[in-house]
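# A closer look at the structure
Okay, here's what each chain looks like letter by letter:
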Amino acid sequence: MEKLQGRWLIATSTGPDSMALLDMCLKAGMDCVVAHVNYHHRKQAEQEEAYIRSFCDEHALKLFVHNEPFTYEGNFEAAARDLRYSFFIDIAKKEGLQGVLIGHHEDDLLETFIMQDSKNIIPAYYGLKEEIIMQGVLFKRPLLHMSKAQLLQYCDDNQITYFIDETNLSDEYTRNQIRHQQVEVMSRFVRDAYLQEIKQRNAVLQERRCRVKTYILDDRISLRTYRTLSEDDRLTMLRMFVEDVPRYSLKHLKNIDHTIMHAGDFIIEMDGFSLVCDGVSIIKYDNMHAYSYSFTSLNDVKDIKMKHFYTTGGEAGVNAVTLSEDDFPITIRSFMDGDKIRMRFGSKQIHRFFIDRHISLYRRKTWPVVVNVKGEVILVPGLGCNVQHYSTMPNLNVVQY
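Residues numbered from 1 in each chain as written. Predicted model: local features only at pLDDT ≥ 70, side-chain atom pairs only at ≥ 80, totals over all residues. Heavy atoms only, no water.

### Observations regarding the sheet that holds strand S21 (residues 396-400)
- Strand order in the open sheet formed by three strands is S13-S21-S14, with antiparallel pairing between adjacent strands. The open sheet has two edge strands, strand S13 (309-312) and strand S14 (320-321), and neither has a second partner.
- As judged from the four bridges shared by S13 and S21, these two strands associate in the antiparallel manner. Along S21, the bridge assignment pairs threonine 312 with asparagine 397. (Pairing = 2+ DSSP bridges. Helix = DSSP H or I, 4+ residues; strand = E, 2+ residues; numbered from the N terminus.)

This is how it looks when you write it as structure tokens:
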């Protein structure tokens, strides 16, 4: 293994992969510290921790161990992965390290690709990248060119003690099934064919991502442009637009794409935000929650700025209302189904105003209305005030952004 400059954290589980990596780093004369996570999830976990402690003592290596009780919800593997990567990142930052070395190997790369392919997803990258940045910390996988069998042989040839995680021997998990039934039995010829396929797919993916990224401007996508692209381009751009890390299935993305391609107006709920259409662009909108603010006097409500509206002194127009003391306390809140306002010639359902003016669905969700102490809607910005609150000298304007 080539010597890397700087001080590195070696993530060590005591399995043959990480123990081979640690030994290679020591033989290369690298400046290393070691990290180990004990989840207390297996019978031999305590033995493994004791071994890595003795190994680091013998080689005068600084060791960081996370052995607090591990509690989690949902998938153990995902929760354990989140824990250990957070642990590694914390150490790297506190110690000012060059980065973290992980013992992933060629079998891991192939397993990941086959899982991606079987789930029919479009990932940010096929297989495993040799280098990634997580929360500002560099992670390197220097063993991706070596197979699991080669690393086992390395440990045996160099008389390196290692532990086998017995959960990896079971076919209970999908990844283990792929490992035992597909990857481990592959010939060198088949492995190379897979590696070439991964390389080609990543080249196509990278070219497409670079090209469609140019269509994402100021956190929005032109609806017209989107609808002229091929499906592959649309799905790639959509994934780039909605994800920091890949988590949506291809089926989910195709359902979103179908809505965007065929709906005249839409609100698509995502994780923590919504995809919306303003008639021209696709936008990520992160706040469509109902709101309500109460004001006890005219001075209290003048010249304020909120997320969805602002107020000024009175000026005649469709944003103006004339308030009296009998109206207070007033409430400025978001539109609710069933809201209506009394105009000069009868009442008007506010949702009809939205339809007549072609107001987009997402703007309707946050459109402000002013309600007096009696619960009457007395102003809808853009439409006007009710007949009892109209005058030629209004004292308040509420303006929707």
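### Examining the environment of histidine 104
- Looking at where histidine 104 falls in the secondary structure, it is placed in the loop between strand S4 (99-101) and helix H4 (106-118).
- Judged by relative accessible area, histidine 104 falls into the partly exposed class, the value being 21%.
- Considering only alpha carbons, one finds histidine 104 and alanine 203, 99 residues apart in sequence, at a separation of 22 Å. (Buried < 20%, exposed > 50% of the residue type's maximum accessible area, 1.4 Å probe, protein only.)

### Details of the nonpolar core
- Ranked by size, the top nonpolar core spans 38 residues in total, and within it Leu238, Val242, Ile256, Ile260, Met270, Leu275 and Ile282 carry the most contacts.
- For this core, the secondary-structure elements that each account for two or more residues are H4, helix H6 (174-183), helix H7 (188-213), helix H8 (223-226), helix H9 (231-242), helix H10 (250-262) and strand S10 (274-277).
- When near neighbours in sequence (up to four residues on either side) are disregarded, valine 242 contacts Arg247, Tyr248, Leu253, Met270, Phe273, Leu275 and Lys284.
- Residues Tyr51, Leu61, Cys155 and Phe163 belong to the second largest nonpolar core, which totals 26 residues. (Core = buried A, V, L, I, M, F, W, Y, C linked by side-chain atoms within 4.5 Å. Contact = heavy atoms within 4.5 Å.)

### Comments concerning the pattern of salt bridges
- Counted under the stated rule, the structure contains 27 salt bridges.
- Among the salt bridges present, the one from glutamate 48 reaches arginine 42, with a minimum N-O distance of 2.9 Å.
- In this structure glutamate 48 comes out as buried when scored by relative accessible area, which is 4%.
- Note that arginine 239 and glutamate 243 form a salt bridge whose closest N and O atoms lie 2.9 Å from each other. Accessibility assignment for this pair places arginine 239 and glutamate 243 in one class, buried. (Salt bridge = Lys/Arg side-chain N within 4 Å of Asp/Glu carboxyl O.)

### Comments concerning unusual backbone geometry
- For the bond from phenylalanine 328 to proline 329, the omega torsion is 0°, close enough to zero to count as cis.
- Even without being a glycine, alanine 60 presents a positive backbone phi close to 55°.
- Summarising the element assignment, alanine 60 is placed in the loop between helix H2 (45-58) and strand S3 (62-66).
- Although it is not a glycine, aspartate 218 adopts a positive phi angle of roughly 55°.
- Following the sequence through the fold, aspartate 218 ends up in the loop between strand S7 (216-217) and strand S8 (220-222).

### A word on the sheet that holds strand S12 (residues 292-295)
- Within the open sheet, the five strands sit side by side as S12-S15-S18-S19-S20. Their pairing is antiparallel. Whereas interior strands pair on both sides, the edge strands pair on one side only; in this sheet they are S12 and strand S20 (384-385).
- Bridge count between strand S18 (residues 368-371) and strand S19 (residues 377-380): two bridges; the pairing is antiparallel. For valine 371, the partnering residue across the bridge sits in S19 and is valine 377.

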